[in-house]
Amino acid sequence: MSLEQFKDRNVSQNYTYIPVDKPPVKPLDKFKQVLKRTFKGELFVGLWVVFREMVKFDIHTVQYPKEKLPISPRYRAVHKLYRLLESGYERCIGCGLCEKICIANCIRMDTRYDENQRKEVTEYTINLGRCIFCGYCAEVCPELAIVHGPRYENASEQRAHFVLKDDMLTPLDFLKEGKQQEYPGFGDVSPNADERIKKTPLAY
Amino acid sequence: MTLTEFVIATIIKILVVLGLFSALAGFGTYLERKVLAFMQRRLGPMHVGPYGLLQVLADGIKLFTKEDIVPQNSVKPIFMIAPVIGAATAFIALAAVPLFPEFEIFGITIHPIIADINVGVLFVLGVMASGLFAPLLAGMASANKWGLLGAARTAIQLLSYEVVTGLSILAPLMLVGSLSLIDINNYQSGGFTDWIVWTQPVAFVLFLIAGFAETNRTPFDLLEHEAEIVSGYATEYSGMRWGMFFIGEYANMITIAFLASLIFLGGFNDWGFIPGGLAIVLKVSFLFFFFLWTRAAWPHVRPDQLMWLCWKVLMPVAVINVVVTGIVLMM
Amino acid sequence: MFEAIAFYLFSAITIAMFAITVLSKNALYSMSALAAGMVMISGFFFLLDADFLGVVQIIVYTGAVMALYAFGMMFFDTTRDVKEEIRAPKLVFLLSGLSALLLVIALVAPIVSDHITALYPMTEGVENPQAVGIVLFTKYLVPFEVAAVMLLVAMIAGIVLAGKKMDESLTLKVEEEFQEKGAK
């Protein structure tokens with residue numbers, strides 16, 4: 001399916017005008033209209049339509065907690081922090097870009113230098129009460145460390161759930177089992193990233 | 001039958017009718033939700049019990065345990081009494097309806113009618129009409145604009161559609177020559193072709209339309225038209241008081257279905273190989289289904305269209321029907 | 001025994017209801033009590049085996065009081081008490097008391113002197129509605145027809161009064177027309 005029909009902003013060209021008769025003025029014409037509407041059987045057409053649907057039993061209900069609709073890989077729900085596949089270290093290098101770009105101002109991080117003089121993230125929280133799930137943090141992340149996950153059921157006893165770093169970070173045992181899948185969603189490198197890559201312009 | 005036996009039998013009948021019809025009214029809500037859902041390609045209640053059957057029970061528990069809110073500026077006694085009128089009149093009207101043919105149990109012949117008065121039709125219609133005092137009082141007492149609008153609509157709806165109901169059943173009553181529902185039923189005992197609906201089709205249609213208006217079902221559901229006046233007369237009600245309106249409405253629907261099948265559709269006479277008791281249950285079920293069916297299919301009308309329909313179409317048609325019936329009877 | 005109990009029950013309720021109708025200052029209380037009293041009166045008809053009249057009482061007064069409610073809805077805030085102003089309370093008390101007394105005397109006199117007999121006693125085998133019909137269409141035919149004509153006159157008058165400006169729509173009127181009307 002091409003995207004052309006969605007890009008077309010001139011929507012009115014597909015409109016068709018239904019001819020509507022002017023309402024009758026003379027009493028006799030009004031009477032005729034009443035007779036026509038009464039005996040034309042439009043009411044029974046309505047009855048037939050709903051009855052047909054009942055007999056066909058073509059049910060469109062999704063019984064939500066038991067069944068769920070599939071969601072797009074680009075769905076932007078609760079964030080995830082990823083680990084490096086080989087070493088298991090956190091991918092986050094503490095650059096703070098996500099904190100800077102966050103337009104809802106809901107990301108807070110705290111960093112320090114560890115014994116090897118590498119930056120280490122000590123605290124990382126996202127206030128999901130303020131987050132608008134715009135996806136800028138995932139897009140801006142240079143290390144693909146923060147992505148949006150598919151988990152959209154944000155119900156819990158406490159607000160503090162979901163927002164802490166430990167909850168978002170992939171657990172180590174989970175990683176060892178090889179269950180951390182590279183996320184093809186928002187903020188990911190595009191499939192043709194290798195072709196599009198350019199040399200950094202160092203002219204200045 | 002001695003007096004004591006009569007009193008005991010009557011009390012048992014009253015209890016049976018009360019219990020059965022409140023249960024049926026509750027079950028009616030389940031049926032309505034299911035049928036409407038199927039017609040709109042949905043499933044309806046599914047989670048409580050198998051196929052959502054226990055939803056009625058869950059709703060009942062919810063209604064009973066909800067807080068009973070009485071608004072501060074309302075006229076409290078009348079506000080509290082109004083739903084009781086709604087539920088009570090619905091069941092009182094059932095007192096004069098012969099529900100089934102006579103049957104024998106333990107050697108006693110039982111007439112399944114609580115009070116066999118010889119003006120049964122008028123009694124049922126009169127009590128059902130006075131049942132419309134419930135929304136009227138509720139709306140006027142709740143000190144709420146939407147409630148008041150609902151009450152005003154109740155008043156016009158009752159005053160207009162009383163006329164149509166009365167005139168529409170006048171013609172079949174002229175044929176039968178009696179106001180007793182049992183006599184009307186016996187008049188049609190000759191089988192399928194004897195049904196009054198074949199001789200009085202216009203009266204049947206008029207009676208059904210007026211019945212929809214009297215029970216405020218959908219094409220004429222103006223008293224609590226959600227899209228226009230929030231919830232009409234029931235805006236300020238909560239919990240069991242609101243539930244009583246609901247029970248009253250569904251009991252009224254069943255009563256109208258019984259009346260229509262008794263007067264026009266051959267009542268509880270045997271229908272071919274189907275015994276009378278089953279026949280009337282089938283007819284009432286179909287009419288009840290028809291109530292739900294129209295709710296899925298047809299839109300609301302405006303109040304002015306309602307008045308137009310009543311005074312400019314239905315009433316003249318009803319009068320003409322009565323006159324024509326009279327002329328035919330004289331000849 | 002049941003009849004006696006029912007009679008006293010209905011009488012007590014009826015009197016209480018009409019007392020509320022007269023004494024209450026709240027229009028909603030008065031009208032509701034009136035409606036309840038009218039329905040309770042039908043109980044007496046049922047006790048006397050006059051089923052038809054009892055049912056007619058219910059039907060007629062349901063509609064009639066409903067019309068009264070409509071007026072009450074338009075004239076008052078029915079959830080508040082009406083402020084009454086009685087100029088001469090003694091005179092009102094005297095006159096209404098006298099007329100009530102007269103009415104009671106007029107109604108009780110024939111009962112006390114045992115001069116009350118049924119002009120048209122119930123015949124066996126004739127049902128209630130038929131009996132009413134026979135009397136209505138033989139002896140009282142002229143008053144019946146006169147009443148019918150009067151009602152017709154009232155209906156036509158009502159339609160004429162209400163229907164004077166029916167072809168004029170308030171909502172579709174243009175703004176200037178309103179201003180013209182206001183200038184006049």
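In the block above lies the structure referred to throughout.
Residues numbered from 1 in each chain as written. Chains lettered and ligands numbered in written order. Predicted model: local features only at pLDDT ≥ 70, side-chain atom pairs only at ≥ 80, totals over all residues. Heavy atoms only, no water.

### Description of the overall build of chain C
In step 1: Each helix and strand in chain C was counted, giving seven helices and zero strands.
In step 2: Shown N-terminal to C-terminal, the secondary structure of chain C runs as helices and strands in the order α-α-α-α-α-α-α.
In step 3: Looking at chain C as a whole, 22% of its 184 residues qualify as buried.
In step 4: Sequence-distant contacts in chain C: of pairs separated by 6 or more residues, those separated by 24 or more amount to 50%.
In step 5: With an accessible surface of roughly 13,800 Å², chain C has 73% of that area assigned to carbon and sulfur atoms. (Helix = DSSP H or I, 4+ residues; strand = E, 2+ residues; numbered from the N terminus. Buried < 20%, exposed > 50% of the residue type's maximum accessible area, 1.4 Å probe, protein only. Contact = heavy atoms within 4.5 Å. Areas by Shrake-Rupley, 256 points an atom, 1.4 Å probe, with all protein chains shown as cover.)

### A word on the interface of chain B and chain A
In step 1: Each partner contributes residues to the interface: chain B has 16 residues there, and chain A has 15 residues.
In step 2: Here chain B packs against chain A, burying approximately 1,600 Å² in sum over the two surfaces, 73% of which is carbon and sulfur.
In step 3: Put simply, chain B and chain A have one salt bridge between them.
In step 4: With a shortest N-O distance of 2.8 Å, Glu53 of chain A and Arg41 of chain B are connected by a salt bridge.
In step 5: On the surface where chain B and chain A come into contact, there are five residue pairs in polar contact (both at pLDDT 80 or more).
In step 6: Those elements that place two or more of their residues in the side of chain B that touches chain A are helix 1 (3–39) and helix 12 (276–297) of chain B.
In step 7: At six residues, helix 12 of chain B tops the list of elements feeding residues into the side of chain B that touches chain A.
In step 8: When grouped by side-chain class, the residues that make up the side of chain B that touches chain A number 12 nonpolar, two polar and two charged. (Buried area = accessible area lost by both parts, 1.4 Å probe. Salt bridge = Lys/Arg side-chain N within 4 Å of Asp/Glu carboxyl O. Polar contact = N/O pair within 3.5 Å; in protein donor to acceptor, adjacent residues only side chain to side chain. Nonpolar A, V, L, I, M, F, W, Y, C, P; charged D, E, K, R; others polar.)

### Concerning the interface of chain B and chain C
In step 1: Of the residues lining the interface, 32 residues belong to chain B; the matching set on chain C comes to 27 residues.
In step 2: Taking both partners together, chain B and chain C bury about 2,400 Å²; carbon and sulfur atoms supply 80% of that area.
In step 3: Taken together, the connections running from chain B to chain C amount to zero salt bridges.
In step 4: Connecting chain B to chain C are zero residue pairs in polar contact (both at pLDDT 80 or more).
In step 5: Breaking the side of chain B that touches chain C down by element, the ones donating at least two residues are helix 1, helix 3 (76–94), helix 4 (120–130), helix 5 (133–141) and helix 6 (145–176) of chain B.
In step 6: When residues in the side of chain B that touches chain C are grouped by element, the largest group, seven residues, is from helix 6 of chain B.
In step 7: A per-class count over the side of chain B that touches chain C returns 24 nonpolar, six polar and two charged.

### Examining the side chain of Ser142 of chain B
Residue and element names in this part refer to chain B.
In step 1: As for its position among the elements, Ser142 is in the loop between helix 5 and helix 6.
In step 2: Of the residues examined, Ser142 reaches a relative accessible area of 1% and is grouped as buried.
In step 3: A polar contact of 3.1 Å, which involves the side chain of Ser142, links it to the backbone oxygen of Ala138.

### Some thoughts on the state of the cysteines
All names here are of chain A.
In step 1: Inspection of the entire model under this criterion finds zero disulfides over all chains.
In step 2: Cys102 takes part in no disulfide bond, and the closest cysteine sulfur, belonging to Cys106, lies 3.5 Å away.
In step 3: As a non-bridged cysteine, Cys131 has Cys106 as the owner of its nearest cysteine sulfur, 4.3 Å distant. (Disulfide = S-S within 2.5 Å.)

### Here's the deal with the environment of Cys98 of chain A
Residue and element names in this part refer to chain A.
In step 1: Position of Cys98 among the secondary structure elements: in helix 4 (residues 97–101).
In step 2: Judged by relative accessible area, Cys98 falls into the buried class, the value being 8%.
In step 3: Each C-alpha atom, one on Cys98 and one on Ile146, is 8.7 Å from the other, the two residues being 48 residues apart in sequence.

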